[in-house]
Amino acid sequence: MTDTPLAGRTVGFLCAKEGTEQVELTEPWQAVQEAGGTPVLISETPGSIQAFNHLDKGDRFDVDAVMSQVKTDNYDAFVLPGGVANPDLLRTIPNFVRLIGEAFATGTPVAAICHAPWLLIEADVVRGRRLTSFPSLATDLRNAGAQWVDEEVVVDNGLVTSRNPDDLPAFCRTLVDEFSRAGKDAEIHAAEVR
């Protein structure tokens, strides 16, 4: 097996102007880079985002792409970092909700950790799916039609979810595996269609 399973793949990271849990951005970002992928920071405005370490300000990160100009088919996968404020803000921005809906409609894999499933709920893509999240979202997810479980990492048909920063090692390994598998499945399907 190659040590760069995401070579040639572009992974969008969806982050609000402020409120992203820093470690939930930086560790998956590093995992994508180490697997040969190209991570892209997507936010609602140009410039930079303010990450947080729980409730304390962390580092700033440069925005690579502005949401209003992002097209789903330019990305091979998406990562939704948590933090309470990040997904709470993103779910109020129609373009982010639309993007997630399109990603699920086209079978583009998505990885969401901590509070990030709030954005999935807003996009109405959790109904009938098995997933996990920060425990405080369990009722929200169940009310949206999901089967919520308390597990380190859960995979459901291209959706990878985890509960909190303690789960990051498993989350990162699993999202790289799922994102690389999705590319191979698409190549196999394309070859079968030809």
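The preceding data block contains the structure.
Reading guide: rules and limits
- Residues numbered from 1 in each chain as written.
- Predicted model: local features only at pLDDT ≥ 70, side-chain atom pairs only at ≥ 80, totals over all residues.
- Heavy atoms only, no water.
- Helix = DSSP H or I, 4+ residues; strand = E, 2+ residues; numbered from the N terminus.
- Buried < 20%, exposed > 50% of the residue type's maximum accessible area, 1.4 Å probe, protein only.
- Contact = heavy atoms within 4.5 Å.
- Core = buried A, V, L, I, M, F, W, Y, C linked by side-chain atoms within 4.5 Å.
- Phe/Tyr/Trp six-rings, centres within 6.5 Å; stacked < 30°, edge-to-face > 60°.
- Lys NZ or Arg CZ within 6 Å of the ring centre and 35° of its normal.
- 1 Å grid on protein atoms, 1.4 Å probe; cavity = no way out; pocket = protein on both sides within 12 Å on 5 of 7 lines; lining within 4 Å.
- Points joined across faces, edges and corners; volume = space filled by probe spheres on them.
- Nonpolar A, V, L, I, M, F, W, Y, C, P; charged D, E, K, R; others polar.
- Pairing = 2+ DSSP bridges.

## A word on the environment of Val 63
Here's step 1: Mapped onto the elements, Val 63 comes out in the loop between strand S5 (56–62) and strand S6 (65–66).
Here's step 2: Accessibility expressed as a relative area gives 15% for Val 63, which makes it buried.
Here's step 3: Distance from Val 63 to Leu 41, taken between C-alpha atoms, is 5.2 Å for residues 22 residues apart in sequence.
Here's step 4: Setting aside residues up to four positions removed in sequence, Val 63 forms contacts with Leu 41, Ser 43, Thr 45, Pro 46, Gly 47, Ser 48 and Ile 49.

## A look at the nonpolar core
Here's step 1: One finds Leu 14, Ile 42, Leu 80, Ile 100 and Leu 120 to be the most contacted residues of the largest nonpolar core, which totals 35 residues.
Here's step 2: Contributing elements (two or more residues each) for this core: strand S3 (38–43), strand S7 (77–80), helix H3 (94–106), strand S8 (110–113), helix H4 (117–122) and helix H5 (138–143).
Here's step 3: If we ignore the near neighbours within four places in the chain, the residues touching Leu 120 are Leu 80, Ile 100, Phe 104, Val 110, Ala 112, Val 125, Val 126, Leu 131 and Leu 159.
Here's step 4: Counting residues in each nonpolar core, the second largest holds 23 residues, with Leu 6, Val 63, Cys 172 and Phe 179 among its members.

## Focus on the packing of aromatic side chains
Here's step 1: Tallied over the full model, the rule gives two aromatic pairs.
Here's step 2: Relative to Trp 29, the ring of Phe 13 has its centre 5.1 Å away and its plane inclined at 50°; by these criteria the two rings are tilted. With Phe 13 in strand S1 (residues 10–14) and Trp 29 in helix H1 (residues 22–34), this pair connects stretches of sequence that are 16 residues apart.
Here's step 3: Here Phe 13 falls in the buried class, since its relative accessible area comes to 0%.
Here's step 4: Both rings, one in Tyr 75 and one in Phe 78, keep their centres 5.4 Å apart while their planes meet at 35°; by these two values the pair is tilted.
Here's step 5: Its relative accessible area of 12% is what places Tyr 75 among the buried residues.
Here's step 6: Of note, Arg 91 hangs over the ring of Trp 118, and the distance from its end group to the ring centre comes to 4.4 Å.

## Some words on the layout of surface pockets
To find leftover empty space, one rolls a probe the size of a water molecule over the atoms.
Here's step 1: Reported here for the second largest pocket is a volume of approximately 240 Å³.
Here's step 2: For the second largest pocket, the lining is made up of 14 residues, of which Glu 21, His 54, Leu 55, Gly 83 and Val 84 are closest to its centre.
Here's step 3: Looking at side-chain class alone, the lining of the second largest pocket contains seven nonpolar, five polar and two charged residues.

## Observations concerning the sheet that holds S1
Neighbouring strands of a sheet are bound in pairs by backbone hydrogen bonds; such pairs are parallel or else antiparallel.
Here's step 1: Strands sit in the order S6-S3-S1-S7-S8-S12-S11 across an open sheet of seven strands; the sheet is mixed. Each having just a single partner strand, S6 and strand S11 (153–156) make up the two edges of the open sheet.
Here's step 2: Summarising the sheet, S11 and strand S12 (residues 159–162) pair through four bridges and their orientation is antiparallel. By the bridge assignment for S12, Val 155 is matched with Val 160.

These results come straight from atomic positions and should not be treated as a statement about function.
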